[in-house]
Amino acid sequence: MFETVATNSILAVIITVVVCFIISTLLPGIERKYVHARIQQRIGPPVTSPGIMAPIKFLFKENIKPSSPVPGLYKALPVICFLVVLSMLITLTPYAFAIPALASLVAIVGLLKVEEICYVLMGSLSKSIMSVRMPFPDRVKGAAHTKTTLSFIEDISAKRSLRMITYGSFPLYLALFAPVTAARSIFLQDIVLYQQANGPFLFTVSGGIAAIVFFIGYMIVLNEYPFSIIKAKCDVIEGPYMEYASKYRSIVFITRGFLMFTLGVLFSVLFIGIPATIFSPTILLNIVVVLVFVLMMGIFSAFTPVFTNRQLLPSILGATLLGILAIVLGLL
Amino acid sequence: MEEKVPRSNIIETEIPMGTVHPAALEPYRVRLFVEDEVVQEAEITIGVNHRGIERIMEGLPVEKANALTEKICGICSNSHVWNSCRTAEIGLDIEIPERARYIRVIMGELERLHSHFLYLAHGCETVAHETFSMRVFYLREIVMELLAMIGGNRVQYGCPIIGGVRPRCDLDEAKLLRIKNDMDKIEEGLTGFAERFLADSILVSRVTGVGVLPAKQAIKLAVTGPSLRATGVARDLRTTMFEYEDFDFNVVTQPDGDVKSNLLMRVFESFEAIKIIRQAIANIPEGKVVNRDWEMFDTDIIESYIEVPRGTLYHSYALETGRIRHCIIRTPSMANIGAMQYACIGDHITDAQLSIVQCDPCFTCTDRAIEIIRR
Amino acid sequence: MGIKSFSRARAIHVMLVYTGGCNGCDIEIVNSILSPRFDAEQYKVFLTWNPREADVLVVTGPVTHLNRKPLEAIYEAIPEPKLVVAAGSCALMGGVYKNIHGDIPSEEIEGPVENIIPVAAKVPGCAVRPQDVLAGVVTLLPTLLDAD
């Protein structure tokens with residue numbers, strides 16, 4: 001009896017994850033074509049191109065050795081990122097609720113932290129051609145400061161991701177813990193049950209504020225403009241991802257869409273109380289939430305420049321204060 | 001404003017960027033010396049695209065050399081031919097027909113529009129505001145098509161020749177009407193852009209106080225053009241040029257010398273350019289467009305200065321049996337490199353490229369008379 | 001058409017390297033990818049600045065002395081299959097800078113691009129028109145699709 005339940009659950013998880021994964025590959029294309037290109041008054045790429053076709057294309061490219069001091073680790077990092085996002089999605093399915101250690105907010109926060117630390121490692125391990133290694137006679141007679149430490153542009157990126165770990169992701173974590181104040185439990189199962197009994201947390205005052213904070217945190221974790229300091233095109237070009245080629249680059253591309261989807265599902269679990277399962281029509285609501293998030297992010301990022309510290313600190317501080325307000329309101 | 005001084009003693013980290021970089025439209029190398037992501041000093045290395053144009057020009061027949069000056073720069077190509085022809089005209093005492101002078105002014109101002117729009121679009125792209133950048137590029141296409149209509153090519157039009165303008169660049173009624181209508185379109189679009197730009201508080205906060213260049217320092221570094229006027233110094237060579245005698249326009253200045261002032265400077269100057277083009281279209285005289293009635297003789301070294309979109313352009317050469325001798329060209333970006341290096345200091349790395357872009361660099365113009373150090 | 005060719009036809013990443021031309025071609029090309037008027041993204045052509053991501057390398061300019069090594073290094077960094085488009089008359093044959101003085105060799109110009117890296121397609125024009133660049137990248141498609 002127990003065995004059949006377990007097998008069924010595992011099957012259900014696999015089917016759910018596969019369906020979610022397929023939908024998630026469309027998200028970058030939707031953002032690019034229906035939001036950015038529309039706002040910029042042009043036609044834009046086909047929906048499938050950025051999210052599906054580009055990763056498949058990269059699979060068939062030459063697997064070039066990345067220029068990195070530890071190529072093996074550098075190549076492993078995107079796989080780790082992908083597995084992290086995958087386990088996060090599995091956590092959010094109702095079948096995982098049986099394992100309390102996994103289906104709790106602490107586990108989700110931990111997984112997100114792993115993802116962020118991967119960016120730091122990627123940044124510090126990537127040594128791309130575009131800055132120091134460019135063959136150019138820099139230190140010639142008459143040049144200023146010939147005895148400095150040379151720094152790759154990815155090193156800046158690594159430093160910035162470290163900074164993002166220390167304060168940049170506060171808003172998201174605060175928003176994650178806002179529903180806990182209502183449900184009085186950090187287990188996803190209790191949060192979902194509480195909301196099914198008392199209505200979605202989103203429609204309370206505390207939940208509304210926390211939702212806004214969650215959205216800001218969502219953009220920070222996804223490194224989308226304006227918070228994309230670790231991969232701003234105007235100075236660090238692509239930051240941590242500079243050296244990935246062929247299949248590792250395709251994993252990087254896929255992970256981004258998948259993370260967009262997973263964070264959207266996370267919102268619907270914590271704020272509306274709907275876990276992701278393919279065997280219930282509520283999965284449609286999950287997908288709608290994901291799409292709303294992608295569209296909002298697209299609109300927001302199309303109208304903002306990249307932030308520097310001067311704008312980043314106040315906006316993160318503001319979001320953090322809002323998050324604290326949401327938690328305090330929830331506790332009252 | 002207190003003077004920012006480059007600190008040269010305790011420099012820790014160097015971040016080189018270039019020669020290919022998304023924030024740069026042309027090859028150059030910039031070495032940023034940073035401390036905790038704040039730029040302490042910057043070194044811009046040009047000479048990457050040194051092609052030795054002045055050297056090639058020496059010994060060429062003057063007509064051929066004029067055609068070559070156009071290839072110095074793909075952005076202000078018309079200005080280079082114009083000034084090169086003007087140099088020969090000054091030296092050989094050639095009378096230019098009134099109509100040709102008007103057409104040259106129209107071309108010059110259209111080029112100013114396209115250069116300033118490129119600046120605005122590139123500036124917005126460098127702060128990663130893709131939407132605004134796209135919108136300005138869309139406006140710029142209108143100007144590009146006007147230039148293609150007059151000159152027959154989108155970039156190098158080859159309009160001025162010694163004695164006037166090329167007959168194929170003559171403007172008939174239909175062309176004048178089209179320019180007139182398109183000016184209305186551009187003015188409308190640019191007004192919309194400026195209003196939106198100023199209403200966008202995030203973008204304004206992002207560019208205010210970045211890359212500051214005080215007026216005193218700008219004069220010390222001999223900065224020219226809009227970059228100088230954005231620091232509050234009203235100096236525009238067009239007020240002294242005989243081509244612009246008939247036209248009524250204002251010399252725009254901006255107070256601060258930061259990126260915001262520079263961007264707004266270009267916007268307001270574009271409005272002035274539209275004003276000049278409208279006056280030129282309304283009053284363009286009839287007559288021939290080129291004066292073929294001149295003779296070649298040997299001259300002493302001739303000099304000519306004009307105001308191009310980026311500042312003061314200087315051409316000088318002597319003529320000997322119809323060929324060029326002692327050619328020297330000084331482009332505005334040559335003077336503005338100092339401003340670029342200075343403007344970076346004290347800013348975040350993300351703003352460093354923006355501070356360079358704010359001085360409207362054109363290193364392809366500038367790279368001519370520099371000795372390459374071989375290693 | 002296999003899945004390899006199918007996906008390659010639907011996502012082409014183009015990288016631009018400028019090697020010291022007059023700037024006209026560079027701006028026209030960046031313009032053609034960026035400006036909404038031409039919008040290369042609707043033809044599934046994306047602009048990238050990372051050599052590891054690129055499929056097609058567009059080179060403009062006559063390759064001046066200091067630009068030779070960066071160009072080679074960037075070409076090396078691109079994973080196979082890679083193709084090079086030389087755009088503009090400078091990239092094709094050195095332009096006025098190499099040829100206007102007849103047979104006297106120029107010390108500054110190392111170009112044309114063919115001398116340094118293998119070129120698959122040539123787009124003429126001074127400056128190139130954005131339409132021509134798009135057409136040039138599209139003519140490469142058969143070669144790119146059939147490559148290993």
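Basis of the calculations
Residues numbered from 1 in each chain as written. Chains lettered and ligands numbered in written order. Predicted model: local features only at pLDDT ≥ 70, side-chain atom pairs only at ≥ 80, totals over all residues. Helix = DSSP H or I, 4+ residues; strand = E, 2+ residues; numbered from the N terminus. Rg over C-alpha atoms; globule rule 2.2 N^0.38 Å. Buried ≥ 20, exposed ≤ 12 C-beta atoms within 10 Å, placed from the backbone. Contact = placed C-beta atoms within 7 Å. Pairing = 2+ DSSP bridges. Axes fitted to C-alpha atoms, helices over the stretch in contact; angles between N-to-C directions. Nonpolar A, V, L, I, M, F, W, Y, C, P; charged D, E, K, R; others polar. Left-handed = near helix turned anticlockwise from the far one by under 90°. UniProt positions renumbered as here; feature names shortened; annotations may be inferred. pLDDT = per-residue confidence, 0-100.

**Section: the overall build of chain B**
Tallying secondary structure elements over chain B gives 13 helices and eight strands in all. Taking 21 Å as the expected radius of gyration for a compact globule of 375 residues, we find that chain B reaches 21 Å, a close match to that expectation. For chain B, the C-alpha atoms occupy an extent of roughly 65 × 50 × 35 Å along the three principal directions. Counting across all 375 residues of chain B, residues that qualify as buried make up 57%.

**Considering the overall build of chain C**
On a plain count of helices and strands, chain C comes out with seven helices and five strands. What you see for chain C is a C-alpha radius of gyration of 15 Å, in line with the 15 Å of a compact globule of 148 residues. Counting only C-alpha atoms, chain C reaches 50 × 35 × 25 Å along its principal axes. Burial analysis of chain C (148 residues in total) assigns 61% to the buried set. Counted over contacts in chain C with a minimum sequence separation of 6, partners at least 24 positions apart contribute 79%.

**Brief notes about the sheet that holds strand β3 (residues 38-45) of chain B**
Within the open sheet, the four strands sit side by side as β1(A)-β1(B)-β2(B)-β3(B). Their pairing is mixed. Whereas interior strands pair on both sides, the edge strands pair on one side only; in this sheet they are β1 (149-150) of chain A together with β3 of chain B. Across five bridges, strand β1 (residues 13-17) of chain B lies against strand β2 (residues 29-35) of chain B in antiparallel orientation. Residue pairing across strands places Ile-15 of chain B opposite Leu-32 of chain B, the latter belonging to β2 of chain B. Each of β2 and β3 of chain B is contacted by helix α11 (residues 332-344) of chain B, which is oriented at about 160 degrees to β3 of chain B, the strand it contacts most.

**Some words on the sheet that holds strand β3 (residues 56-60) of chain C**
In a beta sheet, neighbouring strands are held together by backbone hydrogen bonds and run either parallel or antiparallel to one another. Residues and elements named next belong to chain C. Overall, parallel pairing links the five strands, which are arranged β2-β1-β3-β4-β5 in an open sheet. Two strands bound the open sheet, and with one partner strand each, they are β2 (45-48) and β5 (121-123). Averaged over all pairs of adjacent strands, the angle between their axes in this sheet comes to 30 degrees, without regard to strand direction. Here strand β4 (residues 83-87) runs beside β5; their pairing, made up of three bridges, is parallel. Each residue of the ladder has a partner; that of Val-85, found in β5, is Ala-121. Strands β1 (12-18), β2, β3, β4 and β5 of the sheet are contacted by helix α6 (residues 130-139), whose axis makes an angle of about 170 degrees with β5.

**Quick word on the interface of chain C and chain B**
Of the residues lining the interface, 36 residues belong to chain C; the matching set on chain B comes to 32 residues. Mapped onto the side of chain C that touches chain B, the elements with two or more residues apiece are β1, α2 (24-34), α3 (68-77) and α5 (95-99) of chain C.

**With respect to the interface of chain A and chain B**
With 35 residues of chain A in contact, the opposing surface of chain B contributes 37 residues. Counting only elements with at least two residues in the side of chain A that touches chain B, the list comes to β1, α5 (153-168) and α11 (309-331) of chain A. For the side of chain A that touches chain B, the residue count by class is 20 nonpolar, 11 polar and four charged. Alignment of β1 of chain A against β1 of chain B, held across two bridges, turns out to be parallel. If you follow Leu-150 of chain A over to β1 of chain B, its bridge partner there is Glu-14 of chain B.

**As for the packing of helix α3 (residues 77-92) of chain B against helix α4 (residues 98-126) of chain B**
Residues and elements named next belong to chain B. Close contact between α3 and α4 brings their axes to 9 Å; oriented N to C, the two are set at 145 degrees. When you trace α3 past α4, the crossing you get is left-handed. In contact with Asn-78, Ser-79 and Trp-82 of α3, α4 contributes Arg-104, Met-107, Gly-108 and Glu-111. Taken together, the residues of the contact of α3 with α4 sort by class into two nonpolar, three polar and two charged.

**Brief notes about unusual backbone geometry**
Note that the residue after Tyr-225 of chain A, namely Pro-226 of chain A, is joined by a cis bond; omega there is 5 degrees. Between Glu-80 of chain C and Pro-81 of chain C the backbone carries a cis peptide bond, its omega angle lying at -10 degrees. Here Ser-246 of chain A, not a glycine, exhibits a phi torsion of approximately 45 degrees, which is positive. Within the secondary structure, Ser-246 of chain A is located in helix α9 (residues 246-272).

**Notes on the UniProt feature "domain: NADH:ubiquinone oxidoreductase-like 20kDa subunit" (unreviewed entry) in chain C**
When the UniProt feature table is mapped onto this chain, "domain: NADH:ubiquinone oxidoreductase-like 20kDa subunit" (unreviewed entry) is found at residues 22-139 of chain C. Spanning residues 22-139 of chain C, this segment combines 35% helix with 14% strand, and its end C-alpha atoms are found 25 Å apart.

**Things to note about the confidence of the model for chain C**
Detailed reading of predicted coordinates is not advised where the pLDDT is low. Chain-level statistics for chain C give a pLDDT mean of 87 and a share of 100% at 70 or above. Here α5 of chain C is the element of chain C with the lowest mean pLDDT, 83, and β4 of chain C is the one with the highest, 92.

**Things to note about the pairing of strand β7 (residues 311-320) of chain B**
Residue and element names in this part refer to chain B. Summarising the sheet, strand β6 (residues 302-308) and β7 pair through seven bridges and their orientation is antiparallel. When the bridges of β7 are listed, Ile-302 appears paired with Tyr-317. Counting the residues between successive antiparallel strands, the hairpin from β6 to β7 contains two residues. As judged from the six bridges shared by β7 and strand β8 (residues 323-330), these two strands associate in the antiparallel manner. When the bridges of β8 are listed, Glu-320 appears paired with Arg-323.

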